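Residue-level listing of the chains:
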Amino acid sequence: MDSYDAKTIEEKWQRIWEDARAFEVQNPEPGADAAPKSYVLEQLPYPSGTLHMGHLLPYTIGDVVTRFRARNGLRVLHPQGFDSFGLPAENAAIREGGHPRESTERNIVHITRSMRRMGWAYDWARVLSTHDPEYYRWQQWQFLEFLERGLAYRKGAPVKWCPNDQTVLANEQVHDGRCERCGAEVESRLMEQWFFRITDYAQDLLDDLDTVDWPESIKARQRNWIGRSEGAEILFRIEELDEDVPVFTTRPDTLYGATFFVLAPEHELVARVEAEEVREYVRRASAKKTEVRAAAAEKTGVFTGWHAVNPVNGERLPVYVADYVLMDYGTGAIMAVPAHDQRDFDFATVFDLPIRHVVRPAHEDVDEGTAHVGHTEGEILVNSAEFDGLPAVEGGRRIVEKLETEGRGRFAINFRLRDWGFSRQRYWGCPIPVIYCDTCGIVPVPRDELPVVLPDVEDYKPKGRPPLALATDWVNVPCPSCGGPGMRETETMDTFVDSSWYFLRYCDAQNDAAPFDRAAVDYWNPIDLYIGGVDHATMHMIYARFWVKVLNDLGHLGFREPFARFYSNGWVTTGKTKMSKRAGNVIGPDDYVERFGADACRLNILFLGPANEDIEWTESSIEGMARFVRRLWRVVNQAAEEAPAGSASDGRLARKAHATIAKVTDDIGRRYAFNTAIAAVMELVNELSREPAGGPDSRFAAETAVSLVQPYAPHVAEELWERLGHERLWEQPWPVADPALLEVETVEVVVQVNGRIRDRLHVAPDTPEDELVALARRSERVQAHLDGGEVSRTVVVPGKLVNFVITGETVFPP
RNA sequence: GCCGGGGUGGCGGAACAGGUGAGACGCGCCCGCCUUAAAAGCGGGUGUCCCCAUAGGGGGCGUGCGGGUUCGAGUCCCGCCCCCGGCACCA
């Protein structure tokens with residue numbers, strides 16, 4: 001027998017799969033009966049220079065599932081592509097010179113080669129890159145659809161600005177007041193921005209989470225992010241201004257406890273204060289970053305001299321400006337109830353404002369000197385005029401109803417989710433296809449002029465203005481509407497737009513008349529298994545859901561959720577830190593593929609632990625896995641050479657093979673427990689190695705092991721399959737366990753006395769209960785323990801155990 | 001603070017529906033075989049404490065801690081402790 005040579009085998013089979021177009025899949029012909037399908041997809045990768053172990057996990061999971069489902073008779077779509085716009089390439093170009101396109105495309109070539117070497121079964125005929133004009137052309141087309149329906153709009157808004165990257169950041173890209181990308185401190189700026197009206201879909205996005213099969217933790221994050229709160233909007237009149245100001249509150253039951261009123265520094269009315277003290281406070285507050293405000297030890301604020309009238313009792317409340325009230329949540333104004341809100345309490349303490357308790361437990365007293373926060377269950381209203389004594393929740397409702405009849409309040413729902421600001425002052429992104437005209441305003445670029453191709457520029461360095469502004473030939477164009485002078489939009493789209501619809505394009509990747517054909521998209525979607533990391537749980541996966549809902553409302557597709565099932569893979573870590581380019585601790589697979597082969601790497605990454613938890617990379621385990629592959633090689637080769645063909649018996653080895661089929665099928669197909677499936681195959685190989693030449697059963701066991709390991713180690717599996725005298729394992733039906741052989745001939749039934757095992761019986765699995773009890777009683781060792789006690793109860797689990805419960809002294813014999 | 005996920009051998013982990021002595025499978029380590037030697041490979045051992053003993057056998061205790069339910073609990077319930085992740089002046 002020749003020795004195992006991973007490199008030769010892997011190259012051989014990769015060539016064969018490629019020549020056979022083994023993993024390319026066709027869309028169904030229009031009108032034809034659509035075959036049962038499965039759409040398996042890993043989150044779109046950014047094409048950094050090289051693959052690392054962190055990438056191996058999701059892609060190998062996707063590959064195992066793809067190969068498994070294909071052999072189970074499904075038509076499987078498993079494409080791959082590149083999220084190739086974005087800051088890293090642009091920053092690299094600024095740093096090292098060259099065009100971002102050059103380094104990006106070089107990286108794509110390199111990473112594609114690495115992916116092929118891993119043997120992942122992708123339909124490369126559908127590959128896409130988001131920086132390809134043929135891709136973003138259709139993104140611009142969809143943007144125009146959004147724009148025309150008012151779902152994309154421009155407004156001035158305070159935005160998070162990264163002074164280092166010279167660009168606007170989404171809220172999600174800011175962590176602890178710093179740019180998540182470069183770590184620079186984020187500033188706040190007022191700028192005209194493009195927004196998608198995702199807030200229109202907030203309730204929809206929340207409700208439809210109930211229809212998808214995702215881990216609860218991921219759903220929880222999205223719910224958290226959307227942040228729905230129920231409450232009321234209540235109008236307060238500011239006496240001195242004669243203006244009504246709405247506030248949002250989740251605690252209308254505490255309205256009688258309001259003792260002051262607060263406006264956010266950015267609130268429009270604040271501009272009307274003339275006192276220099278207030279103006280100075282507003283200036284200082286707006287310079288402060290939100291996170292610095294939040295971290296402040298003590299609440300700050302300043303009295304405006306105004307008073308707000310509480311609509312429910314006519315009380316005059318002093319109006320303050322304080323930066324603990326945020327302009328971009330609710331209405332930017334609050335009624336302050338220090339007795340029942342910690343923040344208001346803190347403020348009231350600093351400014352020595354009155355604290356009035358209006359909600360308290362029905363049957364106990366509260367300390368009036370502290371804030372009594374966040375309770376409504378079992379509590380009643382006090383100090384609340386005619387509402388006294390009502391349960392808090394009902395009281396709140398009655399108060400709002402009363403205000404409603406007076407036109408001073410209404411029930412309201414508020415979301416934490418904000419509209420999605422998607423314009424970026426950077427170069428390397430999808431151009432926004434609009435033209436500004438002094439006469440016509442914002443004019444969409446006509447669809448037949450798409451794509452608006454990103455022009456080359458001399459200098460990508462951001463200078464506060466987008467680099468595209470420097471491409472004057474490109475910028476200055478006639479207005480499509482009136483023909484007068486116009487200027488192109490020089491901002492580009494957030495790359496999250498690119499990844500909001502790429503999974504649709506895969507379904508019809510070559511379409512040059514539309515983003516995609518609806519029938520093709522409706523056939524393949526929703527995605528049956530979406531695989532990726534938790535870090536995209538709130539941004540990408542909310543945006544893509546929003547995008548699909550809009551396209552559905554516009555009639556472009558027939559479903560409302562893109563990701564029917566989501567599998568969240570863990571991180572690969574070294575030490576305890578997540579492996580990432582930024583952490584500088586990446587270990588690439590290339591070296592290991594060279595030394596041990598792609599098959600060993602694939603097996604290893606899935607064997608290290610449950611794939612939905614973090615996995616620590618260890619050098620020694622891959623050596624163990626290489627050992628397993630060699631062992632498999634040796635044992636199967638020996639069976640191929642020496643074990644005769646013929647029908648398998650019902651002996652131990654054949655039964656083990658059937659049990660392994662059942663286990664692996666369930667582990668991959670239902671449980672997504674990729675590690676235990678490998679362990680099961682190892683057990684089978686261990687048994688086979690005891691008698692590799694043992695007859696037809698050995699050959700059957702060898703074939704079974706090879707067939708079951710194929711999703712994980714497809715190259716060596718194909719090679720061994722061929723040596724066993726067969727061909728094209730990747731097309732063979734997945735093996736089916738014979739239920740008759742899953743039954744073992746004899747089972748061990750435990751005999752317990754008071755739950756302690758005293759003997760074992762070896763009996764047929766279907767031995768009836770009474771017989772089991774009789775056998776158990778006959779046992780000498782059991783007898784010894786039954787002496788001196790009376791059996792008060794006998795528990796029998798057929799095929800498992802008999803338990804005698806005895807009363808009496810001799811529970812534990814000496 | 002709120003939300004989510006976890007605590008099992010020297011290590012990664014298994015035990016999927018409360019039902020066989022927990023610890024599958026692998027890593028590491030130890031002993032042996034093979035070899036001039038090494039590598040590779042092969043065989044065996046490996047939770048912990050105790051007892052009788054020549055082989056071997058027997059028993060106690062063990063899944064973060066404390067209670068509980070049950071004939072029976074890693075698995076269910078109550079109360080703690082600790083770790084990881086997310087969100088957070090969100091009114």
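Details of the structure are given in the entry above.
Now for a quick tour of the structure. Per chain, the residues get numbers from 1 upward, laid out in the order the sequence is written. Whichever chain is written first becomes A and whichever ligand is written first becomes 1, with later ones labelled in order. Local features in this predicted model are restricted to residues whose pLDDT is 70 or higher, and side-chain atom pairs enter the listing and the counts only when it is 80 or higher, whereas totals over whole chains, interfaces and linings include all residues. Only hydrogens and water are set aside; all other atoms, that is, all heavy atoms of the structure, feed into the side-chain values.

### Some remarks on the protein's contact with RNA strand B
Turning to step 1, where the next piece is worked out: Residues are labelled near a given molecule or strand when at least one of their non-hydrogen atoms is within 4 Å of it. Around RNA strand B, 53 residues are found, and the nearest of them are Thr250, Tyr329, Arg343, Leu608 and Arg760.
Turning to step 2, where the next piece is worked out: The contact atoms of RNA strand B, taken as those within 4 Å of the protein, divide so that sugar and phosphate hold 61%.
Turning to step 3, where the next piece is worked out: Here arginine 670 contributes a side-chain N or O atom positioned 3.0 Å from a base oxygen of RNA strand B.
Turning to step 4, where the next piece is worked out: Glutamate 683 places a side-chain nitrogen or oxygen 2.9 Å from a sugar or linking oxygen of RNA strand B.
Turning to step 5, where the next piece is worked out: Taken together, the residues of the surface near RNA strand B break down into 19 nonpolar, 13 polar and 21 charged. Pairs of N or O atoms within 3.5 Å make up the polar contacts considered here, provided that, within protein, one atom can donate a hydrogen while the other can accept it, and that residues adjacent in sequence are counted only when both atoms are side-chain atoms. When residues are grouped by polarity, Ala, Val, Leu, Ile, Met, Phe, Trp, Tyr, Cys and Pro land in nonpolar, Asp, Glu, Lys and Arg in charged, and all others, Gly among them, in polar.

### Observations concerning the packing of aromatic side chains
Turning to step 1, where the next piece is worked out: Each pair of aromatic rings taken from Phe, Tyr and Trp, with Trp reduced to its six-membered ring, is defined by centres within 6.5 Å and is described as stacked if the planes are under 30 degrees apart, edge-to-face if over 60, and tilted in the remaining cases. Enumeration over the complete set of coordinates arrives at 47 aromatic pairs.
Turning to step 2, where the next piece is worked out: Aromatic pair phenylalanine 85 and tyrosine 136: ring centres 5.6 Å apart, planes at 40°, arrangement tilted. On the criterion of sequence distance, the pair formed by phenylalanine 85 in the loop between β3 (81-82) and α3 (87-96) and tyrosine 136 in helix α5 (residues 133-148) is long-range, its members being 51 residues apart. Grouping residues by exposure puts phenylalanine 85 and tyrosine 136 together as buried.
Turning to step 3, where the next piece is worked out: Where phenylalanine 303 meets tyrosine 320, the ring centres are 5.4 Å apart and the plane angle is 50°; that geometry is what we call tilted. Linking phenylalanine 303 in strand β13 (residues 302-309) with tyrosine 320 in strand β14 (residues 316-321), this pair joins segments that are 17 residues apart in sequence.
Turning to step 4, where the next piece is worked out: Remark: exposure states derive from per-residue accessible area (1.4 Å probe, protein chains only) relative to the maximum for the residue type, with buried under 20%, exposed over 50%, and partly exposed in between. A relative accessible area of 35% places phenylalanine 303 in the partly exposed class.
Turning to step 5, where the next piece is worked out: Classification of tyrosine 320 as buried rests on a relative accessible area of 9%.
Turning to step 6, where the next piece is worked out: An aromatic cluster of at least three residues, connected via ring pairs, comprises Phe143, Phe146, Trp194, Phe196, Tyr201, Trp420, Phe422, Phe496, Tyr543, Phe546 and Trp547.
Turning to step 7, where the next piece is worked out: It is lysine 155 that lies over the ring of phenylalanine 195; its NZ or CZ is 4.7 Å from the centre.
Turning to step 8, where the next piece is worked out: We call a charge positioned above a ring when the Lys NZ or Arg CZ atom is no farther than 6 Å from the ring centre and deviates by at most 35 degrees from the ring normal. Over the aromatic face of tyrosine 324 sits the side chain of lysine 299, whose NZ or CZ is 5.5 Å from the ring centroid. The numbering of helices and of strands both runs from the N terminus, where a helix is a DSSP run of H or I of at least 4 residues and a strand a run of E of at least 2.

### Some points on the pattern of salt bridges
Turning to step 1, where the next piece is worked out: Note on definitions: salt bridges are taken to be side-chain nitrogens of Lys or Arg within 4 Å of carboxyl oxygens of Asp or Glu. Within the structure shown, the criterion is met by 59 salt bridges.
Turning to step 2, where the next piece is worked out: The residue aspartate 204 makes a salt bridge to arginine 560 at a minimum N-O spacing of 2.6 Å. Placement of aspartate 204 in helix α6 (residues 202-207) and of arginine 560 in the loop between α16 (540-553) and β27 (566-568) is noted, with a sequence separation of 356 residues between them.
Turning to step 3, where the next piece is worked out: With relative accessibility at 25%, the residue arginine 560 sits in the partly exposed group.
Turning to step 4, where the next piece is worked out: A salt bridge links glutamate 239 to arginine 316, with the shortest nitrogen-to-oxygen separation between them at 2.9 Å. Taken as a pair, glutamate 239 in the loop between β10 (228-238) and β11 (243-249) and arginine 316 in strand β14 lie far apart in primary sequence, 77 residues in all.
Turning to step 5, where the next piece is worked out: Of the residues examined, arginine 316 reaches a relative accessible area of 46% and is grouped as partly exposed.
Turning to step 6, where the next piece is worked out: In this structure, a network of salt bridges that share partners links the residues Asp2, Lys12, Glu719, Glu722 and Arg723.

### Thoughts on the side chain of aspartate 341
Turning to step 1, where the next piece is worked out: Positionally, aspartate 341 belongs in the loop between β15 (333-336) and α10 (342-351).
Turning to step 2, where the next piece is worked out: According to the relative accessible area criterion, aspartate 341 is buried, its value standing at 15%.
Turning to step 3, where the next piece is worked out: A distance of 2.5 Å separates polar atoms of two side chains, one belonging to aspartate 341 and the other to arginine 343.
Turning to step 4, where the next piece is worked out: With residues up to four places along the chain from it excluded, the contact list for aspartate 341 reads Ala371 and Val373. We call two residues in contact when some of their heavy atoms are within 4.5 Å.

### Things to note about helix α18 (residues 598-607)
Turning to step 1, where the next piece is worked out: Within α18, 9 of the 10 residues are buried, which leaves it mostly tucked inside the rest of the structure.
Turning to step 2, where the next piece is worked out: Ala598, Asp599, Ala600, Cys601, Arg602, Leu603, Asn604, Ile605 and Leu606 are the residues of α18 that are buried.

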